[in-house]
Each structure stands twice: as C-alpha cells, then as structure tokens.
Amino acid sequence: HPHQEFLQIDTTNILFIVGGAFDGMEEIIKRRTGQKVIGFGTNDEEESKQEASLLSKLIPEDLQRFGLIPEFIGRLPVIATLEQLDEATLYQILTVPKNAIVKQYQKMVELDGVTLRFEEDALMEIAKEAIERKTGARGLRSIIENIMLDIMYELPSLDEVTECIITKDSVLKKSSPLLYREDGTQMELDQEKNTA
C-alpha cells in the first residue's frame, strides 16, 4: 500500500520466505498422528481449534507428503504456523491502526462535512462476516465497501446531514444508516430523495 509504513528487514541470511494456506495439510498431519480424518461428533468450533493445534505439529515430512520436493524443504529450516484471526482481532484491525479502514472512511466522509460513526455492534458484525466468508482481514474492506457504497454517493447531495451512523442493521439487513441533521433530528434517506 503506497501510504503504509515500510518495515525494513535484513535479508542477508534469508534465502526463502514461503507462505500460503497449504489447504489439506491438516489431513496429512491427522493421518501421521493417527487421528480420525472422517467422522461425526465434533462441532465446527471444536474442529477449528483442533486444526489450529494440529498445524503446530507440522514436520518437514508432512510438507513432502503435501507435494514439496525434499531439496526445497531442506532450505526451509524454520517452520512457523499462524492461527486464524478471531472477532476481537478483526475488530482491532478495523479500528486501531493509524490507517485503519474505519478511519479512512471517516476521513473521506468528513470531506463532505459529515461525521461518520460505526456502532460497536456493527463493527463486530463486520468481523463476524469476515470470519464466515473465511477471508480474514483482507475481506474487511470489501464488506465495508458494500455497506458504504450507496451512502458515499448520496451524502454529498444531502446538505442538511451532519452525522451518519452505521448500525448493526446496516450490516445485517443492508438497511440505510442513520442520518442526523445539525439540530439532532433524524432524517430518512428516502424522504430526502422524494423532496429533491
């Protein structure tokens, strides 16, 4: 990203950095450790916790069974596994960093003289949706973009609006956000269209 800070790293002693999802690696580890690969009796939450703990048991032989050649695996002396992001972490990604997605949209809407706020429930629903889509942090921007698309085009023409609040319903039911005038009265987006 052009506005993101660069992290410098000394690559003198680094030959490769390999990253990926390695989909199906869990089954290989299950077979090696003697756990059931197919069966009933576990719920999704338990299963995802088990898969996260399974990946921590990864050994080079598992990479070979996955399809990587031994000459390549020999050049990967350090193997680290990452856990999936949870709702709380995705919520932090949305709000905490200096260039957080929410802050970017607030700045854009501020150019039209409108204060943009996201209810906490709405942000948690956005995080839940990213987990359901299995898109992780990358999916947060597309979810917010879908929510904000219409209102971003409407706000410049709504002169009376000074505050826009994205609610849980805006995320779940794709309903219009709450719009407020300077005197604190709520304005309906549909009414504004009819009077224009």
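Scroll up a little and you will see the structure.
Calculation notes
- Residues numbered from 1 in each chain as written.
- Predicted model: local features only at pLDDT ≥ 70, side-chain atom pairs only at ≥ 80, totals over all residues.
- Heavy atoms only, no water.
- Helix = DSSP H or I, 4+ residues; strand = E, 2+ residues; numbered from the N terminus.
- Buried < 20%, exposed > 50% of the residue type's maximum accessible area, 1.4 Å probe, protein only.
- Axes fitted to C-alpha atoms, helices over the stretch in contact; angles between N-to-C directions.
- Left-handed = near helix turned anticlockwise from the far one by under 90°.
- Contact = heavy atoms within 4.5 Å.
- Nonpolar A, V, L, I, M, F, W, Y, C, P; charged D, E, K, R; others polar.

Participant: Outline unusual backbone geometry, supporting the account with residue identities and numerical values.
Facilitator: One non-glycine residue, K134, adopts positive backbone phi at about 60°. For K134, the location among the structural elements is in the loop between α7 (120-133) and α8 (138-154). Of note in the backbone geometry, K174 takes a positive phi value of approximately 55° without being a glycine. Within the secondary structure layout, K174 lies in the loop between α9 (168-172) and β3 (178-181). Given a relative accessible area of 53%, K174 falls into the exposed group.

Participant: Which residues make up the packing of helix α5 (residues 87-95) against α7, and what are the values?
Facilitator: Viewed as axis vectors pointing N to C, α5 and α7 meet at an angle of 115°, and their least axial separation amounts to 9 Å. The hand of the α5/α7 crossing is right-handed. Only E120, L123, M124, I126, A127, K128, A130 and I131 of α7 make contact with α5, whose side of the interface consists of E87, L90, Y91, L94 and T95. Residues belonging to the contact of α5 with α7 are distributed by class as follows: nine nonpolar, one polar and three charged.

These results come straight from atomic positions and should not be treated as a statement about function.
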